[in-house]
Amino acid sequence: MRSEKEMYDLILGYANADENIRAVILNGSRANPNRKPDPFNDFDIVYLVRDLTPCKEKAYYKDFGEILVCERTDETELFKEHFPEFVCYLMQFADGNRIDLTVSSIDRWEVYCYDDRLSVVLLDKDNALPKLPEPNESTHYVKKPTERMFFDCRTEFWWVSPYVSKGLWRGQLLFAQTHMESCIRKMLLQMMKWYAGTLHGFDYSAGKCGDALKDLLPADIWNGYLETFATCTEEDIWRALFKAGELFTELTKRTAKALGFTVTDEYDRRVTSFLKYTKDLPRNAKTLDFHID
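These numbers come from a predicted model, not from an experiment. Within every chain, residues take consecutive numbers counted from 1 along the sequence as written. In keeping with the predicted nature of the model, local features appear solely for residues at pLDDT of at least 70, side-chain atom pairs appear and are counted solely at 80 or more, and the whole-chain, interface and lining totals rest on all residues. Only hydrogens and water are removed before side-chain values are computed, so all heavy atoms of the structure are retained for them.

> Looking at this structure, how should I read the overall build of the protein chain?
When helices and strands are counted, the protein chain shows seven helices and eight strands. Each radius of gyration is computed over the set of C-alpha atoms, and the globule rule expresses the reference value as 2.2 Å times the number of residues to the power 0.38. Taking 19 Å as the expected radius of gyration for a compact globule of 293 residues, we find that the protein chain reaches 24 Å, considerably beyond that expectation. Principal-axis analysis of the C-alpha atoms gives the protein chain an extent of 75 × 40 × 35 Å. A fraction of 62% describes how many contacts in the protein chain between residues 6 or more apart in sequence connect residues 24 or more apart. Each accessible area is a Shrake-Rupley estimate made with a 1.4 Å probe; only the visible protein chains count as cover when residues are assessed. When the accessible surface of the protein chain is totalled, it reaches about 16100 Å², and 53% of it is carbon and sulfur. In this tally, Lys and Arg are treated as positive and Asp and Glu as negative; His is ignored, and so are the chain termini. By convention, the point assigned to a charge is CZ for Arg, NZ for Lys, CD for Glu and CG for Asp. Charge separation in the protein chain, taken as the distance between the mean sites of 39 positive and 48 negative side-chain charges, equals 4 Å. Runs of H or I in DSSP of at least four residues are treated as helices and runs of E of at least two as strands, each being numbered from the N terminus. Residues count as neighbours in contact if any of their non-hydrogen atoms are within 4.5 Å of one another.

Laid out in structure tokens, this is it:
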């Protein structure tokens, strides 16, 4: 595997040899002073150029090493994406290194310098870029919720929960599991982030997919969250759904108390009662006869 120095020498050497490239910026994890280095850290690189037009036709993936797999994301038919203002190559090399390379016009430098505080100028041929502040994770911090955001999250969780239950009742396991992972988990994870913020302040990053929360949350919450992952069977998705509801209820109580919010909607009790009714409903039922206690 090529060393970090070899990769930077390659990236900067390439830029120095190309007159069209005027500046190089490093974004992301390798710009983070708090990162724990590992061999899988990407090189998130931005080349700022005078003229983007020839770059749209240039096959950058051929110039940085033996490719394992490469994806170009500024022009894709599968995702129907068309971004004329930049070029983007995601390159995974056979030696394990990875470069996420964006090429953009020099006059768009602010997008790549200020939108992400994890940014470092590696090369500036014309001294055209400002001196950037020391990189930090502030643009990735969890945002303290407004009262409206808190209750929108709460409503979404309980609104989607019956989608999971009706999918299970119908025997549509993929439908149920998809809503569990794409909606229920998203809201549950968001509430976990806010709760962690009430414990530690909102100047922290939860990490990708919330991995950093393991060290920020009480063990009962973290371990409970792990129990909300299910195998794709009817029995286990039901188990995970009720566990997620139980955990979400506890999280909203703790978070609301810390933020001074008052919960009066009773969604926890009412929707959970409906989920239990659905679970016990015979598969041949033609109508619903549900009553809230």
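Next comes the rest of the description.
> Just checking my understanding: could you explain the packing of helix α4 (residues 173-200) against helix α5 (residues 219-226) for this structure?
To describe two helices that pack against each other, one gives the angle between their axes and the distance between the axes. Axis geometry follows a simple rule: fit a line to the C-alpha atoms, using only the stretch in contact for helices, then measure angles between N-to-C directions, giving values from 0 to 180 degrees. One can describe the packing of α4 onto α5 by two numbers: an axis separation of 12 Å at closest approach and a directional angle of 170 degrees. In terms of axis orientation, α4 runs roughly antiparallel to α5. Note on element contacts: α5 touches α4 through I221, W222 and Y225, opposite R185, L188, L189, M192 and Y195. When residue character is reported, Ala, Val, Leu, Ile, Met, Phe, Trp, Tyr, Cys and Pro are called nonpolar, Asp, Glu, Lys and Arg charged, and the others, Gly included, polar. Here the contact of α4 with α5 is built from residues that sort into seven nonpolar, no polar and one charged. When describing relative orientation, an angle under 35 degrees is termed roughly parallel and one over 145 degrees roughly antiparallel, while 65 to 115 degrees is termed roughly perpendicular and anything else oblique.

> Even after reading the chapter, I still don't get the sheet that holds strand β1 (residues 21-27), so can you show me in this structure?
Hydrogen bonds between backbone groups are what pair the strands of a sheet, and the pairing can be parallel or antiparallel. Spatial strand order, β3-β6-β7-β2-β1-β8: six strands in an open sheet with mixed pairing. The open sheet has two free edges, formed respectively by β3 (67-72) and β8 (119-124), since each of these has just one partner strand. Sheet twist, expressed as the average angle between the axes of neighbouring strands with direction ignored, equals 20 degrees. Any two strands are treated as partners once DSSP identifies two or more bridges connecting them. For strand β6 (residues 86-93) and strand β7 (residues 98-105), the ladder comprises seven bridges, and the chain directions are antiparallel. Within β7, the residue paired with Q92 across the bridge is R98. Docked against the sheet, helix α1 (residues 4-17) engages β1, β2 (43-49), β6, β7 and β8, running at close to 10 degrees with respect to β2.

> Where do I start with α5 in this structure?
For an α-helix the count is 3.6 residues per turn, leaving residues at separations of three or four pointing the same way. Note on classification: 1.4 Å probe, protein chains only; a residue is buried when its accessible area is under 20% of the maximum for its type, exposed when over 50%, partly exposed between these limits. Where α5 is concerned, the buried positions are I221, W222, G224 and Y225. Looking straight down α5, one finds its buried side chains confined to an arc of 165 degrees; they lie on one side. Its buried side turned inward, α5 meets α4 and α6 (234-259). To be clear, the arc concerns the directions from the helix axis to the C-beta atoms.

> Teacher, can you tell me more about the nonpolar core here?
One broad rule of soluble globular proteins: the nonpolar side chains tend to lie buried together. Among buried residues, the Ala, Val, Leu, Ile, Met, Phe, Trp, Tyr and Cys ones that are joined through side-chain atoms within 4.5 Å form a nonpolar core. Counting 43 residues, the largest nonpolar core has F157, V164, L188, M192, L213 and L251 as the members making the most contacts within it. Within the residue set of this core, elements represented by two or more residues are α3 (147-170), α4, α5, α6 and α7 (267-280). When residues of this core are assigned to their parent elements, the largest contribution, eleven residues, is made by α4. Every residue in contact with L213, bar those within four places of it in the chain, is listed here: L189, M192, K193, A196, Y204, A206 and W222. Formed by 26 residues, the second largest nonpolar core is a distinct cluster that contains V24, Y47, F64 and L118.

> When you look at the packing of aromatic side chains in this model, what are you seeing that I'm missing?
Two measures describe an aromatic ring pair: the distance that separates the ring centres and the angle between the ring planes. Stacked, tilted and edge-to-face are the three classes applied to pairs of Phe, Tyr and Trp rings, where Trp contributes its six-membered ring and a pair requires centres within 6.5 Å; stacked means planes under 30 degrees apart, edge-to-face means over 60, and tilted covers the rest. What the rule picks out here adds up to 21 aromatic pairs. Ring geometry for Y61 and Y89: centres 6.0 Å apart, planes at 40 degrees, overall tilted. You can see Y61 sitting in the loop between β2 and β3 and its partner Y89 sitting in strand β6, a full 28 residues away along the chain. On the basis of relative accessibility, which here comes to 6%, the residue Y89 falls in the buried class. Among the aromatic side chains, those forming a connected cluster through ring pairs are Y14, Y47, Y60, Y61, F64 and Y89. In this structure, R2 packs its charged tip against the face of F93, placed 5.1 Å from the ring centre. For a Lys NZ or an Arg CZ to count as sitting over a ring, it must be within 6 Å of the ring centre and within 35 degrees of the ring normal. A cation sits over an aromatic face here: K58 above Y60, 5.6 Å from the ring centre.

> Is there a simple way to think about the side chain of Q92 in this case?
Mapped onto the fold, Q92 is located in strand β6. Side-chain polar atoms of Q92 contact the backbone oxygen of G96, separated by 3.3 Å. Apart from residues lying up to four places away in sequence, Q92 is in contact with I67, L68, V69, N97 and R98. Distance and chemistry together define a polar contact, namely a pair of N or O atoms within 3.5 Å, with one atom able to donate a hydrogen and the other to accept it when in protein, and with adjacent residues in sequence counting only for side-chain atoms on both sides.

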